[in-house]
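Here are the chains, one letter per residue:
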Amino acid sequence: MAPDLRALQTTPKALNVTKKKTASVTREKQVFKPSAEFQRQANLGSYAAYKKLYNESVNIPEKFWERQAKELLVWRKPFKKVLQWDAPHAKWFTGGKLNVSENCLDRHLGTARENKAALIFEGEPGDVRTITYKQLHFHVCRLAHIFENMGIVAGDRVALYLPMIPEAVIAMLACARVGAVHTVIFGGFSAEAIKDRLNDCKAKLVITADGGWRRGKVIELKTNVDKALNDAPSVQSVIVVKRTGTPVNMIEGRDMWWKEAWEGAPNKHDAKAFDSEHPLFILYTSGSTGKPKGVLHTSAGYLLGAKLSSHYVFDLKETDRYFCSADIGWITGHSYVVYGLLSNGSTVFLYEGAPNQPEPDRFWHMIDRHGITILYTAPTAIRAFMRWGDNYVLRHRLDSLRLLGSVGEPISPEAWKWFHKLIGKGRCPIVDTWWQTETGAIMIVPLPGSAPMKPGSASLPFFGVVPKIVDEKGKEVPRGTEGKLIIAKPWPSMLRTLWGDDERFAKTYFSDYPGIYFTGDGAKQDKDGYFWIIGRVDDVLNISGHRIGTAEVEAALATHPAVAEAAAVGRPDELKGQALVVFVTLKTGLTSSDKLKDELRAHVGREIGAHAKPDTVRFAAGLPKTRSGKIMRRILKEIAAGREVKGDTSTLDDFSVIAALQSED
Ligand code: WTA
């Protein structure tokens, strides 16, 4: 039944009533309605309109998706069948052919959008570049020719290890144009992590830059690629963008400068059409084993999900200037910097560097200077802004903003309200978007203009999405009860498999509840049907919005010669959401020291990347284990958080371990 929206509105009476109730009930009662002014201009302006479209999307999904796919995508060959579902494998829009880059570029040429800015780029040092749709098309066509001349053919894997610069977008679209599968590796990953990814997908080409700017310093990207390539035999060539002017070692016959490759390449390119299910990209993400998972997305369904959700979630208008602060190396950068926005013909603002360079008001400065209308960022960034102080915000107008968004982790009601008041000036709706690398597109969100917002709740399902909260057995739990979040029906932008490991794909996502997608998140639904995400229930941590598998950190530590055994857990952290704590037992005869702690932190940095460095290293004589030898992480979590160890310890093998751990520093 539809929630009674009148009852959701914050009235003095409602507030009085809620005072007597528990904190969580109070939280759920706090409701912010979009303004009438916003609603009037919204792409979806009422709850009734949302409900009507949502009901259609889940009651007659094939009809709904057929219409959306026909209306929103440019097809070279029409599809025959909307969905072939043979759990866990989905095929969407089979028989159809299209080109994803054509859908993001060519379709806007010859229209009023041709000379509209597709990208407005600001580098950390302050350099600005504007690239129109027509110019972006030229760039992409040129690179597509370069790829073809190098012998890159459809299906080949191309790795990108780049800063947030326009070339990253150009390279992604050029891959899509020739049917090559891109895998973007976040610029914070180490040489070891790059190597693992290159070898896993057997990349043929790497595109990188001499360096990128971060907090006034150069991140030496090419140097990391060189190290990785010592042990990545599939890579035949490297294209290098000159960004920072840092000296680099160019290897004759393997490496070439982007600019040199550029010269003479034609700027028109006839794009081939590819099957709807042609692979578009692989994006590695952390899981609960030491090896990252190569999430595979394909063409038509992914693009449709990204495009449709961008239109409704960000309420896109022709005049918008949209800024998403996520790096292109994460799924948010794929769906909501590149594919979803460019396919809608929007103007995307790209920023290369840190939010506090040179001062903590860099974002607010840029928003005013470029007239940004939509800001999509992460709770961890919002918490940092709060900590830096309101004064940095108050010195800027921010009057161009009309919509705000949040992604990556649950946003606390406090941070939500700060964001709403200080940045949105009470005028901008906030879209708290729940989704995952695997889902490809936003799944749970209060659509602006149609859904009242409850601070801290990702709210209601997007079109075609059927989320449910279930118990261990897969039975739906009553409203208000915590459980596991599943998605009961397939959706177009869902991952298709894990690269090279279909078995792991089936096991990870479709075995807890056979044939049904399990998200790995815990959540609950309130009486109005609003979803509240609690967080991961598996061994994946969310540190500053980055997914880090505890097993990955443990595997990295295990390669250090001093380490006998290691266990990684999260502890609550005010700024990062979660902080990483590792418990380490050393090999016999070795003694712990602060120097060794630093060395182990640096070691994880080298093995994975700086973002995965443990916040705390604790040495232990032994780790709490079950009699069968399984590490009891629940206990370590409590110790890491400084809490008393509670709950069932009957399976613990050696009680003295706990006392020893608690007495450690
Ligand atoms: C978490 C990022 C609460 C969640 C797009 C999920 C969130 C994981 C939210 C995916 C949100 C993401 N509220 N939690 N709005 N958005 N998460 O793959 O635990 O990097 O499973 O995708 O982030 O992280 P990923």
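Treat the numbers as computed from the prediction; the structure is a model and nothing was measured. (Residues numbered from 1 in each chain as written. Predicted model: local features only at pLDDT ≥ 70, side-chain atom pairs only at ≥ 80, totals over all residues. Heavy atoms only, no water.)

### Some remarks on the layout of surface pockets
Alright, step 1. If you add up the space inside the second largest pocket, you get close to 430 Å³.
Alright, step 2. Every element with two or more residues in the lining of the second largest pocket is listed here: α19 (502-510) and β24 (517-525).
Alright, step 3. At four residues, α19 tops the list of elements feeding residues into the lining of the second largest pocket.
Alright, step 4. Taken together, the residues of the lining of the second largest pocket sort by class into four nonpolar, seven polar and eight charged. (1 Å grid on protein atoms, 1.4 Å probe; cavity = no way out; pocket = protein on both sides within 12 Å on 5 of 7 lines; lining within 4 Å. Points joined across faces, edges and corners; volume = space filled by probe spheres on them. Helix = DSSP H or I, 4+ residues; strand = E, 2+ residues; numbered from the N terminus. Nonpolar A, V, L, I, M, F, W, Y, C, P; charged D, E, K, R; others polar.)

### Brief notes about the sheet that holds strand β28 (residues 563-573)
Strands in a sheet are paired, the pairing made by backbone hydrogen bonds, and the direction either parallel or antiparallel.
Alright, step 1. Reading across the sheet, the three strands line up as β28-β29-β30 and stay open at both edges, with mixed pairing between neighbours. Bordering the open sheet on either side are β28 and β30 (616-619), each of which pairs with just one other strand. Ignoring which end each strand starts from, the neighbouring axes of this sheet average 25° apart.
Alright, step 2. Where β28 lies against strand β29 (residues 577-586), 10 bridges are found, and the strand directions are antiparallel. Pairing of A567 across the sheet is with F583, part of β29. (Pairing = 2+ DSSP bridges. Axes fitted to C-alpha atoms, helices over the stretch in contact; angles between N-to-C directions.)

### Things to note about the packing of aromatic side chains
Alright, step 1. Summed over all chains, the structure comprises 39 aromatic pairs.
Alright, step 2. Judged by centre distance (5.8 Å) and plane angle (25°), the rings of Y50 and Y54 are stacked. With Y50 and Y54 both in helix α5 (residues 47-59), this residue pair falls four residues apart, about one helical turn.
Alright, step 3. Given the relative accessible area of 9%, Y54 is considered buried.
Alright, step 4. Ring geometry for Y312 versus F463: centroids 5.3 Å apart, planes at 85°, classification edge-to-face. (Phe/Tyr/Trp six-rings, centres within 6.5 Å; stacked < 30°, edge-to-face > 60°. Buried < 20%, exposed > 50% of the residue type's maximum accessible area, 1.4 Å probe, protein only.)

### Focus on the site of the ligand
Alright, step 1. In the neighbourhood of the ligand, 17 residues make up the surrounding shell, with D432, T433, T437, R536 and R547 lying closest.
Alright, step 2. Between the ligand and the protein, one listed contact pairs a nitrogen atom with a backbone N or O atom of E409 at 3.4 Å.
Alright, step 3. Contacts to the ligand include P410, whose backbone N or O atom sits 3.4 Å from a nitrogen atom.
Alright, step 4. The protein chains hide 96% of the 530 Å² of surface that the ligand would expose on its own.
Alright, step 5. Among the residues forming the shell around the ligand, the class breakdown is six nonpolar, six polar and five charged. (Near = heavy atom within 4 Å. Polar contact = N/O pair within 3.5 Å; in protein donor to acceptor, adjacent residues only side chain to side chain. Areas by Shrake-Rupley, 256 points an atom, 1.4 Å probe, with all protein chains shown as cover.)

### Describing the nonpolar core
For soluble globular proteins, the rule of thumb is that nonpolar side chains tend to be buried together.
Alright, step 1. Core analysis: the largest hydrophobic core is formed by 172 residues, its most contacted members being L198, F314, Y339 and F463.
Alright, step 2. For this core, the element with the most residues is helix α9 (residues 166-178), which contributes 10 residues.
Alright, step 3. Other than its neighbours up to four places away in sequence, F314 contacts S309, Y322, Y336, I374, Y376, R402, L403, V431 and I442.
Alright, step 4. In this structure, A117, W364, W418 and I430 belong to the second largest nonpolar core, which totals 28 residues. (Core = buried A, V, L, I, M, F, W, Y, C linked by side-chain atoms within 4.5 Å. Contact = heavy atoms within 4.5 Å.)

### A closer look at the sheet that holds strand β16 (residues 321-324)
Alright, step 1. Read from one edge of the open sheet, seven strands run β5-β4-β17-β16-β18-β19-β20, paired in mixed fashion. With one partner strand each, in any of the chains shown, β5 (128-132) and β20 (430-433) form the two edges of the open sheet. Adjacent strand axes in the sheet meet at a mean angle of 20°, parallel and antiparallel pairs treated alike.
Alright, step 2. Where β16 lies against strand β18 (residues 374-377), three bridges are found, and the strand directions are parallel. Note that in β18 the partner of Y322 across the bridge is I374.

### Description of the domain arrangement of the chain
Alright, step 1. Parsing the chain into structural domains produces domain 1 (5-102 + 298-536), domain 2 (127-280) and domain 3 (543-663).
Alright, step 2. Relative to domain 3, the C-alpha centre of domain 1 lies at a distance of 33 Å.
Alright, step 3. Taken residue by residue, the interface counts 11 residues in domain 1 and nine residues in domain 3.
Alright, step 4. For the pair domain 1 and domain 3, the two sides together bury roughly 820 Å², of which 47% comes from carbon and sulfur.
Alright, step 5. Per-residue buried area on domain 1 facing domain 3 is highest for W330, R383 and R387; these three make up 50% of the total on that side.
Alright, step 6. Note that E438 and R547 form a salt bridge whose closest N and O atoms lie 3.0 Å from each other.
Alright, step 7. There are four residue pairs in polar contact (both at pLDDT 80 or more) connecting domain 1 and domain 3.
Alright, step 8. The element best represented in the side of domain 1 that touches domain 3 is helix α16 (residues 379-388), accounting for four residues. (Domains from an automatic or database assignment. Buried area = accessible area lost by both parts, 1.4 Å probe. Salt bridge = Lys/Arg side-chain N within 4 Å of Asp/Glu carboxyl O.)

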